[in-house]
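This is what each chain is made of:
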Amino acid sequence: MKRRHFAIGRIAGATFAALAAALALCAIGSGAAAADQLSDIKARGALDVGVKADVLGFGFLNPKTNQYEGYEIDVAHELAKRLLGDPNKIKFTTVTAKTRGALLDSGELDMVIATFTITDQRKLILDFSPPYYTDGIALLVQKSSGIKGLKDLNNKTIGVAKGADTATRLTAKASDVNVLLSFAAFETYGEILAALQAGRVQAFSTDGSILKYYEQQDPTTVILPDRYSSEDYGVATRKGGDTLSAWVATQINDLKNSGTLAKWQHKWGIYNENQGK
């Protein structure tokens, strides 16, 4: 079976600092234009949104229909409806963790709704809406392994993405229960799954929403129920686009307070007790 691979995009702190400095210089001449993004979108007549194509339940390009579907796709259509009066006045662009920030900053996209975790580092260079979903780092293991949680991974190897902070977060959790973990870092999620299948790692770890896709690729695997972090997903817009970012924030808050986000989460089978807190 052919598997999709996509890049990993938690960028190291030094990279963020350098990028933030560069963007600050660029912003001197572009702040006024960015601040009027709402008017530009209305004049264009379409909302350009970056979404994932391979995260089931969130952003997935269905090969049978060639249409994007998922929770984040519903959010995008609703924003287009509220801004332009038509949920279909929208252009989707597939993004990965590696490409989404660059496409947004270049002006090719108005916003990114793509399992984009809000962090203090990212807020230096992008604007984020309030969270529309809270996920967490999880573990994918072979069903036959007998592994039920971190305690069962003492002196075993966990596959993680290069550049991600997964290992640091899991190590902190493991120290609480006197467990010693080892890690192997890979370029793509697909490589981690292959390593799990080959027995080179005993668990595959990243956000639970991403693991869901790989669990469905291999029915001999299972996502364990525990979560080892709290990852808030937000709608990202360009830094300095104050009218657009403020408008998006208002819409996300309204969708949350009205119960619409929870309804869509149930629809796509991604609701959990962390939502709405």
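The structure this text deals with has already been given above.
Residues numbered from 1 in each chain as written. Predicted model: local features only at pLDDT ≥ 70, side-chain atom pairs only at ≥ 80, totals over all residues. Heavy atoms only, no water.

Caption draft 1: Local environment of the overall build of the protein. Scanning the protein for helices and strands turns up nine helices and 15 strands. Here the protein, with 277 residues, has 49% of them falling under the buried criterion. The long-range share in the protein, meaning contacts at least 24 apart out of those at least 6 apart in sequence, stands at 75%. Summed over its atoms, the accessible surface of the protein is roughly 12,700 Å², and 52% of this surface lies on carbon and sulfur atoms. (Helix = DSSP H or I, 4+ residues; strand = E, 2+ residues; numbered from the N terminus. Buried < 20%, exposed > 50% of the residue type's maximum accessible area, 1.4 Å probe, protein only. Contact = heavy atoms within 4.5 Å. Areas by Shrake-Rupley, 256 points an atom, 1.4 Å probe, with all protein chains shown as cover.)

Caption draft 2: Region of interest: the packing of helix 6 (residues 189-198) against helix 7 (residues 208-217). Between helix 6 and helix 7, whose axes approach to 11 Å, the crossing angle comes to 45 degrees. Relative to helix 7, the element helix 6 lies oblique. Of the two elements, helix 6 crosses helix 7, and the hand of that crossing is right-handed. The residues of helix 7 that touch helix 6, namely those facing Tyr189, Gly190 and Leu193, are Ile210, Tyr214 and Gln217. Classifying every residue of the contact of helix 6 with helix 7 gives four nonpolar, two polar and no charged. (Axes fitted to C-alpha atoms, helices over the stretch in contact; angles between N-to-C directions. Parallel < 35°, antiparallel > 145°, perpendicular 65-115°, else oblique. Left-handed = near helix turned anticlockwise from the far one by under 90°. Nonpolar A, V, L, I, M, F, W, Y, C, P; charged D, E, K, R; others polar.)

Caption draft 3: Region of interest: the sheet that holds strand 3 (residues 59-62). Here we have three strands laid out as an open sheet, ordered 2-3-4, and antiparallel in their pairing. With one partner strand each, in any of the chains shown, strand 2 (54-55) and strand 4 (67-69) form the two edges of the open sheet. (Pairing = 2+ DSSP bridges.)

Caption draft 4: How the structure looks around the nonpolar core. Of all hydrophobic cores here, the largest spans 33 residues; its most connected members are Leu47, Val49, Tyr71, Met111, Ile113 and Tyr132. Where this core is concerned, the elements lending two or more residues are helix 2 (37-44), strand 1 (47-51), helix 3 (71-84), strand 5 (90-94), helix 8 (242-257) and helix 9 (260-267). When neighbours within four sequence positions are excluded, Met111 is seen to be in contact with Leu47, Asp48, Val49, Gly50, Leu79, Leu104, Val235, Ala236, Thr237, Leu244 and Val248. In this structure, Phe60, Phe186, Tyr189 and Ile210 belong to the second largest nonpolar core, which totals 18 residues. (Core = buried A, V, L, I, M, F, W, Y, C linked by side-chain atoms within 4.5 Å.)

Caption draft 5: A look at the environment of Ser229. Mapping Ser229 onto the fold places it in the loop between strand 13 (221-223) and strand 14 (231-233). Take Ser229: its relative accessible area is 16%, and that puts it in the buried class. In this structure, the C-alpha to C-alpha distance between Ser229 and Ala138, residues 91 residues apart in sequence, is 8.3 Å. Leaving out residues up to four positions away in the same chain, Ser229 has contacts with Asp135, Gly136, Ile137 and Arg169. At 3.0 Å, the side chain of Ser229 and the backbone nitrogen of Ile137 are in polar contact. Engagement of the side chain of Ser229 in a polar contact is seen with the side chain of Glu231, the distance being 2.8 Å. (Polar contact = N/O pair within 3.5 Å; in protein donor to acceptor, adjacent residues only side chain to side chain.)

Caption draft 6: Seen up close, unusual backbone geometry. Phi at Asn66 is positive, roughly 60 degrees, even though this residue is not glycine. By the element assignment, Asn66 lies in the loop between strand 3 and strand 4. Taking the relative accessible area as the measure of exposure, Asn66 reaches 57% and is therefore exposed. The phi dihedral of Asn155 falls on the positive side, at around 60 degrees, and the residue is not glycine. Since its relative accessible area comes to 56%, Asn155 is described here as exposed.

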